[in-house]
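Each chain, letter by letter, is given below.
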Amino acid sequence: RVLANGAHYARSQILPVGVCSWYSGIAKALTGCGRPARWALLAVSWSSLLGALLLAQRYLRYRLPHHDQRETASLAMAALALNPMTFYMRFMYSESLFLALALAAWYAARHQRWWWAAAAASAAALVRVNGVFVAVALAVMWALSRRTDRAVPRSAALALLLPFASVGTYLWYVQIRKVPSWTHS
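A quick note: this is a predicted structure, and the numbers were derived from the prediction, not measured.

**Q** Outline the packing of helix α3 (residues 37–63) against helix α6 (residues 95–110), supporting the account with residue identities and numerical values.
**A** Running from N to C, α3 and α6 cross one another at 30 degrees; their axes reach a closest spacing of 8 Å. Compared by their axis directions, α3 and α6 come out roughly parallel. α6 is crossed by α3, and the crossing has left-handed handedness. Residue-level contacts link V44, S45, S48, L49, A52, L55, A56, R58, Y59, Y62 and R63 of α3 to S96, L97, L99, A100, L103, A104, W106, Y107 and R110 of α6.

The following block contains the structure:
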């Protein structure tokens, strides 16, 4: 039902929704390959969770370079993977895909790859509107890195407008199609 109609519930009925979600789009593509919808949604969630855990561990190992600190990174990832709140990331929800894209944006920004960071934040904003806050955090990171290192290109600031443009494009699409969305909740 999520793949066919969206995920917006009102008065116990599913409405056709222009869900701002790549989650359902990726799952639809997997369903088109002959996979059942339930398994497609679980595959997206589980692979996204695995990708998020690997990205977070890689980032922590980068930030904690000493050998004795690397165990801390592995323990932190085990705690995240076994945390009861990751229940929502293991099942048919878009949280794990959002986390993977947000971490990819953060990781790219920490390595001064601003266009990749903006693309990942834009995708995160298309999965969940909270991705706009990821873009704000990236803008702060860019401003702080620009202040300490003048070699950071000014043109990278244009890249950080990409998430806002993608959400704006989604809102425009919803408006012209007159589809209910989170803006009508």
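Past the structure itself, the notes keep going.
**Q** So what's going on with the side chain of S96? Residues and values would help.
**A** One can find S96 in helix α6. Separated by 2.9 Å, the side chain of S96 and the backbone oxygen of S45 make a polar contact. Those residues in contact with S96, other than ones at most four positions away along the chain, are V44, S45, S48, L49 and M89.

**Q** Run through the nonpolar core, naming residues and quoting values.
**A** With 24 residues, the main nonpolar core has W114, V134 and L138 as its most contacted residues. Contributing elements (two or more residues each) for this core: α6, α7 (114–127), α8 (131–148) and α9 (156–159). Per-element tally for this core: the top contributor is α7, with eight residues. Not counting the four nearest positions on each side in its chain, W114 is found in contact with A109, L138, M141, W142, S145, V152, A156, A159 and L160. With five residues, the next largest nonpolar core counts L49, L53, M77 and M89 among its residues.

**Q** So what's going on with unusual backbone geometry? Residues and values would help.
**A** The phi dihedral of Q112 is positive, around 60 degrees, even though this residue is not glycine. With respect to the helices and strands, the residue Q112 is situated in the loop between α6 and α7.

**Q** Which residues make up the pattern of salt bridges, and what values go with them?
**A** Under the criterion given, the structure shown has one salt bridge. Put simply, R128 and E95 hold a salt bridge, and the shortest N to O gap is 3.6 Å. With R128 in the loop between α7 and α8 and E95 in helix α6, this residue pair connects regions lying 33 residues apart in the sequence.

**Q** Can you tell me about the side chain of S145, naming the residues and giving the values?
**A** Secondary-structure assignment places S145 in helix α8. Assessed through its relative accessible area of 12%, S145 is described here as buried.

Procedures and definitions
Counting of residues starts from 1 at the beginning of each chain's written sequence and follows it residue by residue. Per-residue local features are limited, in this predicted model, to residues with pLDDT of at least 70; the limit for side-chain atom pairs, both in listing and counting, is 80 or more; totals at the level of whole chains, interfaces and linings are taken over all residues. Heavy atoms from the whole structure form the basis of all side-chain values; hydrogens and water molecules are not counted. Only the stretch in contact is used when fitting a helix axis, every axis being a line fitted to C-alpha atoms; angles between N-to-C directions are given from 0 to 180 degrees. For helices the rule is a DSSP run of H or I covering at least 4 residues; for strands it is a run of E covering at least 2, with both sets numbered from the N terminus onward. Any angle between 65 and 115 degrees counts as roughly perpendicular, while under 35 counts as roughly parallel, over 145 as roughly antiparallel, and the rest as oblique. In a left-handed crossing the near helix is turned counterclockwise from the far helix by less than a right angle, and in a right-handed crossing that turn is clockwise. Residue contacts are counted whenever heavy atoms from the two residues lie within 4.5 Å of one another. N or O atoms within 3.5 Å of each other form a polar contact, as long as, within protein, one can give a hydrogen and the other can take it, and as long as residues adjacent in sequence are counted only when both atoms are side-chain atoms. For this analysis, a nonpolar core means a set of buried residues of the types Ala, Val, Leu, Ile, Met, Phe, Trp, Tyr and Cys, connected via side-chain atoms within 4.5 Å. Relative accessibility decides the category of a residue: with a 1.4 Å probe and only protein chains considered, values under 20% of the type maximum give buried, values over 50% give exposed, and everything between is partly exposed. A side-chain nitrogen of Lys or Arg and a carboxyl oxygen of Asp or Glu constitute a salt bridge if their distance falls within 4 Å.

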